[in-house]
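A closer look at the structure
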Amino acid sequence: MSTPKDLRYSEEHEWVKTEDGKVRIGITHFAQSELGDIVFVELPQVGDELVADEPFGSVESVKTVSELYAPISGKVVEINEELEDSPEFVNESPYDKAWMVVVEPADNAQVDALLTAEQYEAIIEE
Amino acid sequence: MHNDNQPLIFELSTEGRVGYSLSELDVPAVDLAAILPSEFIRTEEAELPEVSELDIMRHYTALSRRNHGVDSGFYPLGSCTMKYNPKINESVARFAGFANIHPLQDESTVQGALELMYDLQEHLIEITGMDEVTLQPAAGAHGEWTALMMIRAFHEANGDFQRTKVLVPDSAHGTNPASATVAGFDTVTVKSDENGLVDLEDLRRLVGDDTAALMLTNPNTLGLFEEHILDIAEIVHSVGGKVYYDGANLNAVMSKARPGDMGFDCVHLNLHKTFTGPHGGGGPGSGPVGVKADLIPYLPKPVLVKTEEGYHFDYDRPQSIGRVKPFYGNFGINVRAYTYIRSMGPDGLKAVTENAVINANYMMRRLEPYFDLPYNRHCKHEFVLSGSRQKKLGARTLDMAKRLLDFGYHPPTTYFPLNVEEGLMIEPTETESKETLDAFCDAMIQIAKEVEETPEVVQNAPHTTVIGRLDETRAARNPVLRYERETVEV
């Protein structure tokens, strides 16, 4: 199962990528494979404040609707509008085309506290 | 089963074919343009199918043969209580005195109907251990919302405007957080412990002076009785919150244990589940709400009362949350529930619960060797298996549910509750015979063996239905919501 080494992860199966002081967030390969075919993605709006561990959106698959939990706190500066028309990106390209939001972290220490790829892999193997 | 391809009614249409004849106009013709604004006047012909009466009859009869209902086969849909609806209910609901009255009739002319409503309220009060009942809410989620609005009004009357949070266990029905949101509350999730019950430590941590209520199903959606219910109620009451009973699973405890005795302050019931109103045909339902004394002032009005002169709708309820449904609830469903309660009697209702519980436990133990059983305890009226073992072999719970269609069964609830991986939630109800339970278990066991030996049979199911496996992803991503003549490709 693919878990890129350069990303950080949350226990709720989000990935976080640091880019120029901001972070890009999506859901993991493992998450999309558990959910099955994604048919709808609901994202926050630019300017919304995420609160760590609180829901910030949802993904709907054929079998269930799951909340997206914010891995860190921060302000949304960009959202992936393509997911509205192409939810299948979440299944096809979870780490690239299906990024969900870009956030300005409120506290960089929260990013550093996230799981490493090795730690995340250990969790999903359980 | 007819393996025919039944066209849409629009595709059966032949231009100019007429299935009706109207009599001559015997009132003065009216010029629509003289009485309606122009934007309301249709300029094109309505695109309705043009078919004969016989075409219509054959078309819809063919479609109706494809239905699956509890009258045609076993329907073990977990937490839905798809029990048999006794036909005596239908006879009584059709009595002229019930079927032909109008809700705007004067009270004095419908005393019998009001007496039935009043007596039904009294029976439900006795069954739930509450102090008062309203029959107004139209169905379960409507009952949840009605009760939460009463709780809100109660707190506001006490000046407790800071009570904005409703606690809901992570195994709850999805309607609970939805009702809380619609009633203007924020939902807070309470974790389950390793036994599948409410985690008391988590609950203690979450309650406070912002707690409006806890919503709880007992037994919960795993079919497990919340054995610490008195402690749970005490924790919520100690901070001034109310405890709400979701009656979805009342069939597991009816006439054995009463929500009112467990510490609940209010309760909704699904008369279309537990009390044999028709269920699964699109309604209507009926979701009465019972309350303890301190919530009575907030009941929806009018409240049906009994006076020396007879039965009477009392509108003089200044603290009422108001009307929640036109007229007085789904009266016809309430007649059916009343008929059921009266024909069963107290001992009959007790036997219902006993049989519902023993049926579920019997099936759980028969299926336990073949499927994972994450919460392995005595269950109440339903139990939840996990398809994890089969998933590792390449067949998911969805595939097994589809395979059950080949055996003529409605599949159980799948992928719920959310805290069970690949969940299969089975509720047999009390009305099924041991032979039916065994036949269903045999089918499940055969499917488990197929997953090991010939998984493709399960992965590609169903094989014997009129239509095979549907592409649910394509249907969800590119839904075709209505017929359009130009775009249809046959």
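Residues numbered from 1 in each chain as written. Chains lettered and ligands numbered in written order. Predicted model: local features only at pLDDT ≥ 70, side-chain atom pairs only at ≥ 80, totals over all residues. Heavy atoms only, no water.

1. Topic: the sheet that holds strand β6 (residues 266-268) of chain B
Residues and elements named next belong to chain B.
- In spatial order, the strands read β1-β7-β6-β5-β4-β2-β3; together these seven strands make up an open sheet with mixed pairing. The open sheet has two free edges, formed respectively by β1 (132-134) and β3 (186-190), since each of these has just one partner strand. For this sheet the average axis-to-axis angle between neighbouring strands, irrespective of direction, equals 25 degrees.
- Bridging between strand β2 (residues 165-169) and β3 involves five bridges; their strand directions are parallel. Its bridge partner being in β3, Lys165 is matched across the sheet by Asp186. (Pairing = 2+ DSSP bridges. Helix = DSSP H or I, 4+ residues; strand = E, 2+ residues; numbered from the N terminus. Axes fitted to C-alpha atoms, helices over the stretch in contact; angles between N-to-C directions.)

2. So, the UniProt feature "domain: Lipoyl-binding" (unreviewed entry) in chain A
- Mapped onto the present numbering, the UniProt feature "domain: Lipoyl-binding" (unreviewed entry) falls at residues 22-104 of chain A.
- Split by type, residues 22-104 of chain A is 18% helix and 42% strand. Its first and last C-alpha atoms lie 5 Å apart. (UniProt positions renumbered as here; feature names shortened; annotations may be inferred.)

3. Examining the domain arrangement of chain B
- As assigned here, chain B comprises domain 1 (9-66), domain 2 (87-343) and domain 3 (355-477).
- Put simply, the middle of domain 1 of chain B and the middle of domain 2 of chain B, counted by C-alpha atoms, are 43 Å apart. (Domains from an automatic or database assignment.)

4. Quick look at the nonpolar core
- Core analysis: the biggest nonpolar cluster contains 55 residues, and Leu124(B), Leu203(B), Leu214(B) and Phe275(B) have the highest contact counts within it.
- Ranked by size, the runner-up nonpolar core spans 26 residues in total, among them Leu367(B), Met444(B), Ala448(B) and Val458(B). (Core = buried A, V, L, I, M, F, W, Y, C linked by side-chain atoms within 4.5 Å. Buried < 20%, exposed > 50% of the residue type's maximum accessible area, 1.4 Å probe, protein only.)

5. Looking at the pattern of salt bridges
Residues and elements named next belong to chain B.
- All told, the structure shown has 32 salt bridges over all chains when counted by the stated rule.
- The closest approach of N and O atoms between Lys391 and Glu421, which form a salt bridge, is 3.4 Å. Of the two residues, Lys391 sits in helix α12 (residues 388-392) while Glu421 sits in the loop between β11 (413-414) and β12 (423-426), which places them 30 residues apart along the sequence.
- Classification of Lys391 by relative accessible area gives partly exposed; the value is 22%.
- Using a relative accessible area of 41% as the deciding quantity, one classes Glu421 as partly exposed.
- Members of the salt-bridge network, linked through shared partners, are Arg366, Lys434, Asp438 and Asp442. (Salt bridge = Lys/Arg side-chain N within 4 Å of Asp/Glu carboxyl O.)

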